[in-house]
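Given next are the chains, with one letter for each unit.
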Amino acid sequence: GAQARAELSAVRRRGRRAMASQSQGIQQLLQAEKRAAERVAEARKRKHRRLKQAKEEAQAEIEQYRLQREKEFKNKEDAALGSHGDSATEVDKDTIEKIKIIGANYEQHKEMVLNNLLNLICDIKPEIHVNVRING
């Protein structure tokens, strides 16, 4: 009996040590998993930061390119319209001159035109129309 108890006690101690070592192994695995999850999260954050930075750089580059193209377009437009600009100024001057002439003609002839219109309206000559039949 005493020997059996001693063996049983030894088996229990080995079992406890085995369980303790298994528990310790599980703890190590859990810690390793936690560290791995932290590394993955940190890697995702770094990737997100790099993508955001790349996007900002791309936006800045696009804006710079757009400004450059607008400047080139403006220069070409100015070069093309430079000669037109002079003719547009000349057309404006001609138009103003023609408007002045029309205004002067209006002032010169308005009295005569009004008198002619009033004479036509006021000088009524009653006549029987050619299509009117007189029954008699």
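Worth saying up front: this structure is predicted, and the values here are computed from it rather than measured.

Asks: Looking at this structure, I do not really get the pattern of salt bridges. What am I missing?
Replies: A side chain with one charge can pair with a side chain of the opposite charge if their charged atoms come near. Here the structure, examined in full by the defined rule, presents 7 salt bridges. For Glu42, the salt bridge is made with Arg49, and the minimal N-O distance between the two is 3.7 Å. Relative accessible area serves as the criterion here: at 46%, Arg49 is assigned to the partly exposed category. When the shortest N-O distance is used, the salt bridge between Lys74 and Asp78 registers 3.7 Å. Separated by 4 residues within a single helix, Lys74 and Asp78 lie in helix H1 (residues 2-122), roughly one turn from each other. Overall, the relative accessible area of 44% leaves Lys74 in the partly exposed class. Owing to a relative accessible area of 43%, Asp78 belongs among the partly exposed residues under this scheme. When salt bridges with common partners are traced through the structure, they connect Glu63, Arg66 and Glu70 into a single cluster.

Asks: How should I be thinking about a positive patch on the surface in this particular structure?
Replies: On the surface, Arg12, Arg13, Arg14, Arg16 and Arg17 cluster together into a positively charged patch. Within the secondary structure, Arg14 is located in helix H1.

Analysis parameters
- Residues numbered from 1 in each chain as written.
- Predicted model: local features only at pLDDT ≥ 70, side-chain atom pairs only at ≥ 80, totals over all residues.
- Heavy atoms only, no water.
- Salt bridge = Lys/Arg side-chain N within 4 Å of Asp/Glu carboxyl O.
- Buried < 20%, exposed > 50% of the residue type's maximum accessible area, 1.4 Å probe, protein only.
- Helix = DSSP H or I, 4+ residues; strand = E, 2+ residues; numbered from the N terminus.
- Patch = residues over 30% accessible without salt bridge, like charges linked within 9 Å, V, L, I, M, F, W, Y side chains within 5 Å.
- Areas by Shrake-Rupley, 256 points an atom, 1.4 Å probe, with all protein chains shown as cover.
- Lys, Arg positive; Asp, Glu negative; His and termini not counted.
- Charge placed at Lys NZ, Arg CZ, Asp CG, Glu CD.

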